[in-house]
Structure formats: C-alpha cells, structure tokens
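# Fold and geometry: a report
As a plain string of letters, each chain reads:
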Amino acid sequence: MPQTEKQTEKSPQPPHTAHPAELPPEPRTPSGPGSRPEKGRAARRDLSASVVVFLLAVPLSLGLALATGAPLQAGLVSAVVGGIVAGLLGGAPLQVSGAATGLLVVTADLVQRYGWRATCAVTVLAGLTQLALGALRVARAALAVSPAIVHGMLAGIGATIALGQLHVVLGGSPDSSALDNAAALPGQLAHPHAVALLIGAVTVTVLLGWGRLPGRAGRWARVLPAPLAAVLAATAVSAGTTVARVELPSWRMPELPVLPDASLPALIAAVLTVTLVAGMESLLSAVAVDRLAAERPDAPTGRARLNRELAGQGVANTVSGLLGGLPISGGAIRGSANVRAGAVTRRATVLHGVWVLLCAGLLASALELIPLAALAALVMVVGVRMMSFAHIRHVQRHREFPVYAATFGGVVLFGVLQGVGTGIAVAVFLALRRLTHTRITVTEEADGHRVRVTGQLTFLAVPRLTRALAQVPAHTDVVVELCGSFMDHAAYEALQSWSATHRAHGGQVTLGGRAGRPLAAQAGDHSCRPWTPWRNHQCTRSAPDPAAVPESSGSQLLGGVSAFQRHTAPLVREELSRLAREGQRPTQLFLTCADSRLVTSMITSSGPGDLFTVRNVGNLVPPPGSDASCDSVGAAIEYAVEVLRVGSITVCGHSGCGAMGALLGGAAPEDAEPTPLSRWLRHGRPSLARMQRIGRRGRGEVALSGRPVRDDQERLALVNVMQQLDHLRAHPCVARRVAEGTLTLHGMYFHVGEAQAYVLDEAAGRFCAVRGEPAPVMA
C-alpha cells in the first residue's frame with residue numbers, strides 16, 4: 001500500500017529560493033510549559049545566555065563610548081539601562097539593547113559640537129519621540145523603507161567608524177569627518193605608534209580567528225565570546241607597557257542634561273536623526289532576532305510586538321539620557337548572541353543588565369587594565385562588518401544598487417540624516433523612471449510581425465503604443481509581447497481596441513508574455529502549468545455530451561508531461577542537474593495520505609530536494625514488528641532518519657479522508673476474506689479505539705482552534721495524526737534521535753475545502769491554524 005516518493009513538485013518560486021516548509025515548534029513535554037521542571041530548565045538557559053551576552057556587552061559598550069568621545073562609564077550605563085529597562089518593557093523579548101552602534105558617528109558629532117550634557121538632552125528628547133511614535137503605532141510603517149537605504153546607511157556609518165578608529169589603533173586621534181580621517185590616514189600610517197599597533201593587531205587577529213579554532217580547542221573557545229577573548233589577549237600583551245588605558249571616574253550622581261546651545265532647526269534635526277537611526281536599527285534588529293529564534297526547534301511562540309518595542313526603546317533612551325548614558329538601540333550582534341546562547345525569555349536580557357551593573361561597581365579596577373587601542377580595534381572590526389558584501393550582492397540582484405550607493409556616499413560625505421534623504425530621493429527617482437520608462441519596438445518576422453513592449457505600460461505610454469501599432473499592416477499575424485509587470489486601464493483599453501480592429505480586418509493577434517508565450521494558452525491535454533499561479537485547475541474535463549467517449553487519462557497524462565517539458569523543464573533543469581550531481585539531501589520527512597488532492601509542494605511551498613515524502617492510504621505508520629507486509633513504511637522511515645539524517649518528521653492528515661471513513665464504517669466484516677486494503681486499514685484501528693475512549697471519557701483530548709470539530713470523520717483524522725506520532729516514536733531509530741535532541745516530530749492537518757493547515761500542539765491536544773501573515777524580512 002505505501003508509496004515512497006522523492007519530492008519533485010515545485011512552487012512558483014525560482015529554484016534558488018526554494019525552501020522547506022516552516023514546521024511547527026517542537027512538541028512540549030507532557031509536563032507542560034508551565035510545569036516546574038520546564039520553568040527550571042528555562043531559567044537555567046536564561047542564566048547561561050545572560051552571562052554570555054554580559055561578557056560580550058562590556059567590551060563593546062566601553063569601545064563605543066571611547067569612539068564617541070563620551071565618558072567611558074556612559075557605555076556601561078547604556079548597557080545596564082538597555083538590559084533592564086528595554087528588556088522589561090520592550091516587545092522583542094530576546095533582543096538585547098545597549099549603546100547604539102549605528103549612532104556612533106551621530107553621537108560623536110553631537111559630543112564634539114555641543115558637549116556631553118547636551119548630548120544627553122538630545123537622547124532624552126529622542127526617547128520621548130520614540131515613545132510617542134510607539135503609542136501612535138507607526139513601527140510597521142518604518143519597515144517600509146527600502147532595504148537598500150537601510151543597508152547603505154549602516155555601511156556608510158560602518159565606513160566612518162572604521163576610518164576613525166583606525167587612527168586610534170595607529171596611536172593617533174580621529175577627526176570628526178570621514179573625509180578628514182581619510183586624508184590624514186597616509187601620514188598616520190607613516191608614523192604609527194608601535195605598541196598601540198601591536199595591541200590592535202592582536203585584537204583583530206583574535207576577533208577574526210577565535211571562531212575558526214579547530215577541534216576540541218574550538219569547542220571550548222566558543223564558550224567565551226570572541227570580543228572578550230580579544231580584549232583579554234590584548235590586555236595580556238600590553239602588560240608592562242606604557243599605553244593609554246581605560247579610566248573610569250568614580251561613580252556619582254549624574255548631572256542633569258542641558259539643552260544644546262543651538263538653533264531650533266538644528267536641535268530638531270539632531271533629535272530626528274537619533275530617533276530615526278536608533279528606531280530603525282532597533283526594529284530591524286528585532287525582526288532579525290525574531291527570525292533567528294524561530295529557526296530553533298524550541299522557539300518561543302509569538303512574534304515581536306514592534307510598537308511595544310519602539311515604545312520600550314523610547315523609555316530606555318529617556319532613562320539613559322537622564323542617567324548620563326549613550327543613546328540606546330537594539331543590536332543584532334548582542335541579540336543574535338543571546339539567541340545562539342539558548343535564551344528562552346526576556347529574563348536573559350534583564351539579567352545581562354544586572355551583571356553589567358555589578359561589574360561596573362565591583363570590577364572597575366579590572367576594567368581599567370584594558371588598553372584603549374584594543375577597544376578601538378574592536379569597534380573598527382564592528383564598523384567593517386557593517387559593510388556587508390552579502391547586502392551589496394542582494395541589493396544589486398534587485399537593481400537597487402544606485403540607492404545603496406547614494407545613501408552610502410551621502411552618509412560618509414554629509415551625515416546620516418542627509419545620506420538617508422539622498423537615498424530616499426534616488427529611490428523615488430528610480431521608481432518614477434521605471435514606471436514611466438517604456439520601450440516599444442516593431443519587427444517584421446517570417447511568419448508575421450512582433451510588437452515588443454518593455455517596461456510598464458501606463459497612460460503615459462499610450463501615444464507611443466498607438467503609433468507603434470499603426471505601423472503593423474492589416475491582414476497580418478501579430479504577436480504583442482508584454483515584458484513588463486503592470487498595465488493600467490488606459491493602456492489596456494487602447495490595446496484591446498486595436499486588437500479588435502485588427503482582427504475585424506482579417507488579422508490575427510496573440511497577446512503574450514516574455515518570448516511571446518500566450519498569456520492564457522492551454523497546455524495540451526493538461527491545463528495545470530507549474531510555475532504559474534495555481535488557479536482554475538480543471539485537468540479532468542467532462543465530456544460535453546454524456547454519450548461521448550471521455551478523454552483518455554493516458555493522453556491527459558502525456559499532455560501534462562509535454563507541458564512540463566515545454567514550460568517547466570527549462571526553469572528547473574539547472575536545479576535538478578545540481579541535485580543529480582550532489583545527491584538528495586532533504587531536511588524533512590513528510591508522511592501524508594495518498595489522496596490526489598494533497599499537493600505537498602503546494603502546501604509546504606517546497607521544491608526539488610526539500611522533502612522526502614512518504615504517501616499511503618490514511619497516512620498510517622505501522623509500529624515496528626506489527627506486520628511483515630508493512631516494511632515499506634518502516635524502511636522509508638529508517639532510510640530518512642539514519643541515511644538522509646533528516647531533522648524533522650511531519651505526519652499530515654486531511655479532511656474527507658476515505659481511509660478514515662472506511663474505519664468508521666467498518667471496512668469489511670470480521671468474518672470476510674481479508675483484502676490488501678482491509679489488512680492495511682488494521683493499522684488505523686488503534687486510532688479508532690483512541691477516539692472511542694475519548695468519547696466515553698468526555699475529556700475533549702483533541703480540538704481545532706477557532707472552530708469546533710465538524711464530525712466523527714474529521715475527529716478521527718485528527719486523532720489518527722496523534723496516534724501515528726506515537727507509532728513513530730516506537731521505531732528505535734526515531735526514539736534514539738529524538739532522545740538525542742536531533743530529531744523533532746510534528747503533526748499537521750490540512751482541510752482541503754478551506755485550504756487551511758493546522759499544526760498540532762501535543763501538550764494541549766489542539767490543532768492550531770497556521771495564519772497567512774507574511775513573515776517580516778530583513779534583507
């Protein structure tokens with residue numbers, strides 16, 4: 001009965017973007033999420049993660065304070081406030097806030113221009129502005145800014161940081177302008193400070209090589225964050241040398257901030273710059289950390305609440321400014337370290353702030369051993385990493401490099417706010433140009449004429465379109481090739497009017513997409529064409545006359561294969577060729593019913609090589625040793641788990657399952673001669689017995705979120721998924737991998753008529769609907 005197949009269907013995404021289905025979280029233990037063992041395990045993981053982030057935050061905070069020209073204790077204040085205040089109030093529990101990397105250049109300029117107390121006042125005003133924006137719920141709108149502008153801004157800031165801190169590593173002092181730093185760099189390189197340069201070189205070497213240590217040393221090294229290891233190594237190298245070191249003043253009550261001696265427009269510009277950059281960095285970091293956390297099997301439920309996060313950042317900036325700290329934002333460096341260290345709740349973020357506070361009070365003498373050149377080298381590497389070549393390639397692929405370059409150049413030459421404004425102006429110009437730039441050509445071919453329209457077809461292009469169409473002689477065959485992605489009503493009417501007139505005079509008109517393919521052509525005997533929108537799928541067409549002979553299924557199948565060779569094979573050939581060379585490496589085993597209405601690639605948005613799929617009647621998993629005739633499913637499970645080393649297994653049931661109906665109706669009398677189908681369905685009887693026990697006990701062990709279970713057939717399909725997961729755990733190879741923590745099991749139910757997927761929460765005995773909101777993307 002079972003049928004094992006390698007997934008070959010493809011979603012409408014191009015080959016390089018095919019991805020596995022996003023599967024539900026790892027099932028909770030029977031003790032439940034609120035049980036004492038579960039809470040204790042989460043507390044231990046949060047404690048461990050808080051120590052890791054604390055070890056990362058201390059040198060980074062001191063380095064950022066040094067780079068801005070602020071008092072060094074300001075960096076520690078921002079780390080404490082970011083951890084405790086933003087950690088308690090923010091909407092992204094696993095994000096770690098602290099001194100804002102993206103604001104380094106802005107803060108340094110404010111300190112040099114207005115002084116430290118005035119900079120604190122700007123921080124307070126920016127915090128109040130963020131709080132107001134969070135209350136107005138505009139956080140989602142901030143994510144509408146083009147990724148090219150964001151990455152260009154961060155890259156420009158990174159270049160400015162790296163140039164300035166390179167002077168400190170060489171033993172000099174940076175200027176306020178990136179251009180001045182670049183101009184002074186040759187002279188600084190000609191006369192470096194040998195000890196400072198050595199300390200900087202050691203710091204950079206350890207930073208870059210710490211994560212690449214091989215073998216057991218590498219495993220032990222990963223316990224200590226690379227920045228801390230680099231600073232410790234540089235401090236050890238600098239022992240006994242005369243070099244500038246950290247100087248922490250004695251702790252005292254902070255002086256109240258004072259408004260800068262500046263005009264009102266200049267003050268507003270400063271506040272808006274801090275608000276914009278800190279808010280954007282925090283929101284994008286929250287989204288990135290959220291996506292990183294979701295990749296873990298034990299990912300916490302719920303997404304980041306961005307408006308609350310923006311408001312929490314506003315409160316933290318207000319408090320930091322009042323206490324004499326640097327401007328605060330969420331940081332992807334600290335947040336990703338928190339997630340990778342295993343943090344489960346916001347407790348890890350808050351504890352990291354507590355550890356920084358204790359360190360500043362009890363270990364000040366140890367911090368004063370750190371050479372300033374080590375902190376400068378640390379911040380310089382951070383600046384270089386902000387200029388990501390991966391971002392440049394991504395932007396170039398989407399034809400947004402001019403926006404990126406304009407933003408980058410504007411930030412380096414003029415400042416952050418001016419650079420962002422330049423990027424926005426270039427983005428608007430390019431959008432208008434793409435909307436209005438249309439190229440129309442008419443060429444004569446052997447079998448007729450071809451009209452090619454490249455670009456967007458709007459009312460502005462209608463005069464040129466009509467002039468071009470007027471060049472086509474009557475009584476000829478014409479292919480109108482539309483290569484753009486948009487056509488407004490005016491252009492549509494003009495094109496349809498000309499087409500009707502041309503056909504009335506005896507000509508033929510074919511409206512097509514790229515390469516002249518008809519927009520609505522039938523694919524032979526098979527009208528479902530992969531890689532196009534999946535709609536109006538009517539492969540089985542009834543004969544118009546009841547007495548007529550129906551179309552043969554063989555011709556329909558061959559028609560589908562022909563359509564594949566014609567339309568889909570050219571698109572997937574390169575991807576399938578790679579898979580043929582490398583062999584199959586699926587990440588998931590997907591076990592579902594043989595029902596023809598279940599298109600696994602469509603439900604999971606997966607492509608070739610993503611899923612190892614097993615299909616059988618009723619998505620049954622016979623327990624090991626139950627029947628020798630059922631070894632096919634067991635063999636597929638063993639192959640997927642032991643050979644392919646998949647990381648998860650999903651059992652997926654569906655609505656209207658014929659196997660469930662047969663079980664409810666009694667597939668065959670007990671005294672009847674067993675058939676292959678009845679023998680196979682015996683493996684579903686434990687599910688039927690389980691449902692009957694639930695009914696007798698009235699415990700409601702299985703339920704659907706959002707609506708009641710409609711009937712016994714649907715209830716049995718849901719119970720069957722849970723029962724087959726138990727059968728899966730009985731397989732030794734599955735049990736061993738699950739115990740090791742390298743394999744997770746998931747349950748899923750798909751309602752065909754509603755096109756709605758549900759995932760199983762085993763602890764609650766509830767199937768939760770998968771919502772269709774798009775996941776936020778940080779390019």
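Conventions used here
- Residues numbered from 1 in each chain as written.
- Predicted model: local features only at pLDDT ≥ 70, side-chain atom pairs only at ≥ 80, totals over all residues.
- Heavy atoms only, no water.
- Helix = DSSP H or I, 4+ residues; strand = E, 2+ residues; numbered from the N terminus.
- Buried < 20%, exposed > 50% of the residue type's maximum accessible area, 1.4 Å probe, protein only.
- Contact = heavy atoms within 4.5 Å.
- Areas by Shrake-Rupley, 256 points an atom, 1.4 Å probe, with all protein chains shown as cover.
- Pairing = 2+ DSSP bridges.
- Right-handed = clockwise from strand over helix to strand, strands pointing away.
- Expected span 1.5 Å × (residues − 1).
- Arc of directions from axis to C-beta.
- Axes fitted to C-alpha atoms, helices over the stretch in contact; angles between N-to-C directions.
- Parallel < 35°, antiparallel > 145°, perpendicular 65-115°, else oblique.
- Left-handed = near helix turned anticlockwise from the far one by under 90°.
- Nonpolar A, V, L, I, M, F, W, Y, C, P; charged D, E, K, R; others polar.
- Phe/Tyr/Trp six-rings, centres within 6.5 Å; stacked < 30°, edge-to-face > 60°.
- Patch = residues over 30% accessible without salt bridge, like charges linked within 9 Å, V, L, I, M, F, W, Y side chains within 5 Å.
- Salt bridge = Lys/Arg side-chain N within 4 Å of Asp/Glu carboxyl O.
- Core = buried A, V, L, I, M, F, W, Y, C linked by side-chain atoms within 4.5 Å.
- Disulfide = S-S within 2.5 Å.
- pLDDT = per-residue confidence, 0-100.
- Bend = angle between axes of the 7 residues up to and from the residue.

This part is about the overall build of the protein chain. Regarding its fold elements, the protein chain presents 29 helices and 14 strands. A buried classification covers 47% of the 779 residues belonging to the protein chain. At a minimum sequence separation of 6, the contacts of the protein chain that also span at least 24 residues come to 77%. Carbon together with sulfur atoms contributes 60% to the accessible area of the protein chain, which is approximately 37,200 Å² in total.

Examined bridge by bridge, strand β5 (residues 448–455) and strand β6 (residues 477–482) share 5 bridges and lie parallel to one another. By the bridge assignment for β6, Arg450 is matched with Val479. On the question of chirality, the crossover connecting β5 to the parallel β6 by way of helix α20 (residues 462–470) is right-handed.

Over its 21 residues, helix α19 (residues 416–436) extends 30 Å from the first C-alpha to the last, a length consistent with the 30 Å expected when each residue adds 1.5 Å. Every buried residue of α19 is accounted for by Val416, Gly419, Val420, Gly423 and Leu430. Taken down its axis, α19 places every buried residue within 95 degrees of arc, on the same side. In α19, those exposed residues whose orientation departs by more than 90 degrees from the buried face are Phe429 and Leu432.

Contact geometry for helix α11 (residues 264–294) and α19: axes closest at 9 Å, N-to-C directions at 70 degrees. In terms of orientation, α11 lies roughly perpendicular with respect to α19. Between α11 and α19 the crossing geometry is left-handed. Contact residues: α11 offers Ala269, Thr273, Leu276 and Val277, while α19 offers Val416, Leu417 and Val420. Of the residues that constitute the contact of α11 with α19, the class distribution is 6 nonpolar, 1 polar and no charged.

With that settled, consider the side chain of Ser705. Its location among the elements puts Ser705 in the loop between β11 (703–704) and α28 (712–729). Judged by its relative accessible area of 17%, Ser705 is buried. When near neighbours in sequence (up to four residues on either side) are disregarded, Ser705 contacts Tyr758, Arg766, Phe767, Cys768 and Ala769.

The tally for this structure, following the rule as stated, stands at 3 aromatic pairs. Considering the side-chain rings of Phe612 and Tyr639, the 5.9 Å spacing of their centres and the 45 degrees angle between planes classify their relative orientation as tilted. Highlighted residues: Phe612 in strand β9 (residues 611–616) and Tyr639 in helix α24 (residues 631–643), separated in sequence by 27 residues. Plain terms: the ring middles of Tyr749 and Tyr758 are 6.1 Å apart, the flat faces sit at 40 degrees to each other, and that makes the pair tilted. A relative accessible area of 3% means that Tyr758 is categorised as buried.

In this section: the environment of Leu310. Positionally, Leu310 belongs in helix α12 (residues 306–322). Considering only alpha carbons, one finds Leu310 and Arg137, 173 residues apart in sequence, at a separation of 8.9 Å. Not counting chain neighbours up to four residues away, the residues in contact with Leu310 comprise Gln130, Leu133, Gly134, Ala139, Gly279 and Leu283.

Attention now moves to a nonpolar patch on the surface. Residues Leu179, Leu413 and Phe414 make up a contiguous nonpolar surface patch of roughly 320 Å² in combined accessible area. Along the chain, Leu179 falls in helix α7 (residues 178–190).

Turning to the pairing of strand β4 (residues 438–445), a few remarks are in order. Examined bridge by bridge, β4 and β5 share 8 bridges and lie antiparallel to one another. Its bridge partner lying in β5, Glu444 is registered against His449.

This part covers unusual backbone geometry. Phi is positive for His475, close to 60 degrees, though the residue is something other than glycine. On the secondary structure map, His475 appears in the loop between α20 and β6.

Opposite charge on two side chains allows them to pair when their charged atoms are near. Counting across every chain of the model gives 16 salt bridges. Here Arg450 and Glu481 are joined by a salt bridge, their closest N and O atoms 2.9 Å apart. Residue Arg450 is found in strand β5, and its partner Glu481 is found in strand β6; the two are separated by 31 residues along the sequence. For Glu481, the salt bridge goes to Arg452, with nearest N and O atoms at 3.0 Å. Of this pair, Glu481 sits in strand β6 while Arg452 is found in strand β5, placing the two residues 29 residues apart along the sequence. A residue is classified by how much of its surface remains accessible, and Glu481, at 2% relative accessible area, is buried. Three or more residues joined by partner-sharing salt bridges are found here, namely Glu445, Arg450, Arg452 and Glu481.

As a further point, take the nonpolar core. Judged by nonpolar contacts, the single largest core of 76 residues is most densely connected at Leu62, Met153, Ile157, Leu367 and Val416. If one sorts the elements of this core by residue count, helix α6 (residues 147–169) sits on top with 11 residues. Discounting residues that sit within four places of it in the chain, Val416 has contacts with Val106, Met153, Ile157, Thr273, Val277 and Val411. Counting residues in each nonpolar core, the second largest holds 54 residues, with Ile637, Met660, Leu716 and Val719 among its members.

For the rest of this paragraph, the subject is the environment of Leu185. With respect to the element layout, Leu185 can be found in helix α7. Judged by its relative accessible area of 16%, Leu185 falls in the buried class. For the pair formed by Leu185 and Gly172, sequence separation is 13 residues and the distance between their alpha carbons is 9.9 Å.

A full pass over the atoms with the stated rule returns 0 disulfides. Between Cys652, a cysteine without a disulfide, and Cys593, which holds the nearest cysteine sulfur, the sulfur-to-sulfur distance is 9.3 Å.

Once that is clear, we can look at the confidence of the model for the protein chain. Averaged over all residues, the pLDDT of the protein chain equals 80, while 84% of them reach at least 70. Segment residues 1–33: pLDDT under 50, and 101 contacts once partners within four positions in sequence are set aside and those in other chains are kept. Note on residues 515–551: pLDDT under 50 across the span, and 54 contacts to partners over four residues away in sequence or across chains.

Here the focus is the packing of helix α18 (residues 401–413) against α19. One can describe the packing of α18 onto α19 by two numbers: an axis separation of 7 Å at closest approach and a directional angle of 160 degrees. Relative to α19, α18 is oriented roughly antiparallel. Both α18 and α19 take part in a crossing whose hand is right-handed. On α19, the residues touching Pro402, Val403, Ala406, Thr407, Gly410 and Val411 of α18 are Val416, Gly419, Val420, Thr422, Gly423, Val426, Ala427 and Leu430. A class-by-class count of the residues in the contact of α18 with α19 yields 9 nonpolar, 5 polar and no charged.

A separate point is the side chain of Ser499. Relative to the helices and strands, Ser499 is located in helix α21 (residues 489–504). For Ser499, a relative accessible area of 1% corresponds to the buried category.

Quick look at helix α2 (residues 72–89) now. The end-to-end C-alpha distance of α2 is 26 Å, a good match for the 26 Å that 18 residues give at a rise of 1.5 Å each. The sharpest bend along α2 reaches about 30 degrees and sits at Gly82. Of all 18 residues in α2, 15 are buried; the element is thus mostly enclosed.

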